Amino acid sequence: MSGRRRRLPLLITAVIGVIAPIAVMTPPLAGARAGGQMVEIGWLSQTQKRTLPLTYLDQPPSDEGIAGARLGIADDNTTGRFTGQSFELVESVAPAGADVRAAFGELAGKGVKLVVTDLDAPQLLAVAALPEAARATIFDTAAPDDQLRARDCRVNVLHLLPSRAMLADALVQYLVVKRWTQLLLVVGRSDGDREFGADIKHAATKFRADIVEEKPWTFTPGARRTDTGHFQIQAEIARFTQGINYDMLVVADEEDEFGDDLSYRTFDPRPVAGTQGLVPSAWARPFEQWGATQLQDRFFRQAKRWMTDRDYAAWMATRAIGEAATRTQSTDPTVISAFMRSGRFELAAYKGARLTFRSWDGQLRQPVLLADTRSLVSVSPQPGFLHQFSELDTLGVDQPETKCRLQ
Amino acid sequence: MRTAHGQTKIVMRGPGPGIHEKAARALRVLVDSRAKPGQDGLFEGASRRLPAITMLSAIVGAFLSPFPLAAADTIYVSNEKDNTITIVDGAKLEPVKTIPVGQRPRGILLSKDGKSLYICASDSDHIEVLDLAADKVVRTLPSGTDPEFFALDPTGKLLYVANEDDNLVTIVDVVQGTVLTEIPVGVEPEGMGVSPDGKYLVNTSETTNMAHLIDTKERKVVANILVDSRPRRAVWTADGAQFWVSAEVGGTVSVIDAANRQIVKRITFAVPGVATEAIQPVGIAITNDRKLAFVALGPANRVAIIDAQSYEVLRYLLVGQRVWSLAFSPDQSRLYTTNGVSNDISVIDVSAQKVVKSIPVGQAPWGIVSRP
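Residues numbered from 1 in each chain as written. Chains lettered and ligands numbered in written order. Predicted model: local features only at pLDDT ≥ 70, side-chain atom pairs only at ≥ 80, totals over all residues. Heavy atoms only, no water.

1. With respect to the packing of aromatic side chains
Residue and element names in this part refer to chain A. The full count for this structure, using the stated rule, is 15 aromatic pairs over all chains. Plain terms: the ring middles of Y312 and W315 are 6.4 Å apart, the flat faces sit at 10° to each other, and that makes the pair stacked. In this pair, Y312 and W315 are both assigned in helix α8 (residues 309-328), three residues apart and thus about one turn of the helix distant. Note on accessibility: Y312 and W315 belong to one class, buried. A centroid spacing of 6.2 Å and a plane angle of 85° characterise the contact between F339 and F345, whose relative ring orientation is edge-to-face. Neither residue differs from the other here; F339 and F345 are each classed as buried. (Phe/Tyr/Trp six-rings, centres within 6.5 Å; stacked < 30°, edge-to-face > 60°. Helix = DSSP H or I, 4+ residues; strand = E, 2+ residues; numbered from the N terminus. Buried < 20%, exposed > 50% of the residue type's maximum accessible area, 1.4 Å probe, protein only.)

Right, here's the structure in full:
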């Protein structure tokens, strides 16, 4: 999940700026780049103090997000060779603890009006409220918070990642199709966990599943690596899940403090889904349908690691800008933003469907993948969940229910 | 596999289309018995009716309109998941042989003399040449990485190959077995179509959303036409006046005038009861007299029949699931479709505009050609 890893011990230093931006592609072909039109896209992120996740295997990469933006820019420039447009990423990575508003001000001072951000919700709101941001468009590629699509929505912000509500709906739709409808919900201690837990409950009501019991996870995480520690964990999880009659354990633990410890240790043999186990997400390593293999390969070649959902969101943001610039034949940020919000815009992003932005909250409509670490299990919306306008709108908050008032 | 009712069911995996078809059928029955009323996706529900409908039309067809007599062709189908080619007898409309080939065979083409079949073995990163007398792969050609689709120039000496991973079109000398040159194009080159006179090559790039017109003598891109999202196939009309480009995600087909390089018509599709997202045009086939065009609509499980003069969609034929590639029989009396999810091909009678039969092939059928 994307809201994961926002805490304590490990400070990952900003190695981010080191990797040079993708080199300029082959020289222009016939008729290309006549006027030398340039689109500048800002990148704003902050070095994070992050939690060491429970699993040793997947450490958060230091260039997460920005690597996706760089690939999107490279793809945009390949297209630009034929249309006479070029794209440049103006990168700004604020140090941990620094005021991101100043960094945004600097980007705005350079005339950058399209800014892709990898920031958490409070930082995003602080930046979006700046006077310099009033005429800019901010592409949020990191914050899945429902509130950013509800009371805290902003007219100058578009959201590329699915909200927690969309992820929860995607998962519960699949569980209902499988008829695994009796759910044990285990919720961690972060605000994000609580929001995802609430979204699961809401989805269960909407799609007719039952939360048979909800249990908060109250154990504080200790040392990960103690010899023979597995005896204790096994006994603890077995006790924790004993005496409950359920089909599926759904866990909300975005920072991976305990979620990976649940599978195979429950009292009854029950599968795990949610932030661990079967995970709903925008992107997943095992995904290779609808040409996704090509994006996985391109990304791996460039970044020397697998693409995460935040990389994917940043790629989509830069590709959406590129697509709007190509279609409008304009480099004017106002024209580009207006086109993206219009009915004529569509983004192809390896999900088979045309992706568009919801007019009521700026959220990108998109299918959600359901995968574990080794295989893609399904893609929601599930067949049969019908909608008046778009089946993609069976995921997340639909227009009639929205609490967002864009202004 | 354990079913909801507790019986143990064994689904066999292995070579031979018969087994796959049985497994697919068993799975379909399983899905049917478990689906709640009102929960069926509309197009899914429709596709489940397919076997009955095709069977019925096959029976009716057998009595009322016998298959066109001229068709004594042989049909070749690449099976993307099986790594095989299925050979189908065009007279009996039955599969007769399965040949193992390289990894992930997708695009296939007949050589100019009709004696060989060229196969894009995408995961093997080369092109294989299948000798159709011996039914054996006899040589391989270089192709660049991940070849998906290609086109043969009218002399039969050059293959133009789209390399999805490298943003290149590779030109291969078939006789020498060497790469002549590479032409940089947009992101994820896919569709390839050579004009009937061989002077131009159209290549589509899936992420750049363009049709690139390449002068084959100069080996240079001379025009770029922006089309809708994720363009797939580019098919020329026999008179060389137009080429048609399908856009899978955009859901349209653009008809492009070859002389002035402008889009003259953007054809859109609407199938009652099918979600617009499920309409994903891929394969295109246009009759030589340019009266009719056929477009495969992917997960909509339909082939659209279009009046190629007025560009009006005349009707939609229900075929198998995820209909992908199209090929005419040599006399154009029939059209064949590969159906990637239902693991079969559909046979369409062109003059009657009807599906007359579906034939089981291997797993995930992709490319298809027919030889006299």
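From this point, things continue past the structure.
2. As for the interface of chain A and chain B
Each side of the interface is counted separately: chain A has 33 residues, and chain B has 40 residues. Carbon and sulfur atoms supply 46% of the area buried between chain A and chain B, which totals about 3,100 Å² over both sides. Between R298(A) and E188(B) there is a salt bridge, with its nearest N and O atoms 2.6 Å apart. Where chain A touches chain B, the interface holds 14 residue pairs in polar contact (both at pLDDT 80 or more). Within the residue set of the side of chain A that touches chain B, elements represented by two or more residues are α1 (66-83), α4 (164-178), α7 (292-303) and α8 of chain A. Counting residues per element, the side of chain A that touches chain B draws most heavily on α1(A), at six residues. Classifying every residue of the side of chain A that touches chain B gives 11 nonpolar, nine polar and 13 charged. (Contact = heavy atoms within 4.5 Å. Buried area = accessible area lost by both parts, 1.4 Å probe. Salt bridge = Lys/Arg side-chain N within 4 Å of Asp/Glu carboxyl O. Polar contact = N/O pair within 3.5 Å; in protein donor to acceptor, adjacent residues only side chain to side chain. Nonpolar A, V, L, I, M, F, W, Y, C, P; charged D, E, K, R; others polar.)

3. Section: the domain arrangement of chain A
Residue and element names in this part refer to chain A. Assigned domains within chain A: domain 1 (8-162 + 284-365) and domain 2 (165-280). Note on domain 1 versus domain 2: buried area summed over both sides is about 1,100 Å², and carbon and sulfur give 55% of it. Among the residues domain 1 hides against domain 2, the three largest losses belong to L54, D146 and P162. Together they make up 53% of the total. Summed over the shared surface of domain 1 and domain 2, the result is zero salt bridges. Taken together, domain 1 and domain 2 are joined by two residue pairs in polar contact (both at pLDDT 80 or more). Tallied by class, residues from the side of domain 1 that touches domain 2 come to seven nonpolar, four polar and three charged. (Domains from an automatic or database assignment.)

4. What to know about a negative patch on the surface
A cluster of acidic side chains, namely E288(A), D297(A), D123(B) and D125(B), defines a negative patch on the protein surface. If you trace the backbone, D125(B) turns up in the loop between β5 (116-121) and β6 (126-131). Judged by its relative accessible area of 36%, D125(B) is partly exposed. (Patch = residues over 30% accessible without salt bridge, like charges linked within 9 Å, V, L, I, M, F, W, Y side chains within 5 Å. Areas by Shrake-Rupley, 256 points an atom, 1.4 Å probe, with all protein chains shown as cover. Lys, Arg positive; Asp, Glu negative; His and termini not counted. Charge placed at Lys NZ, Arg CZ, Asp CG, Glu CD.)

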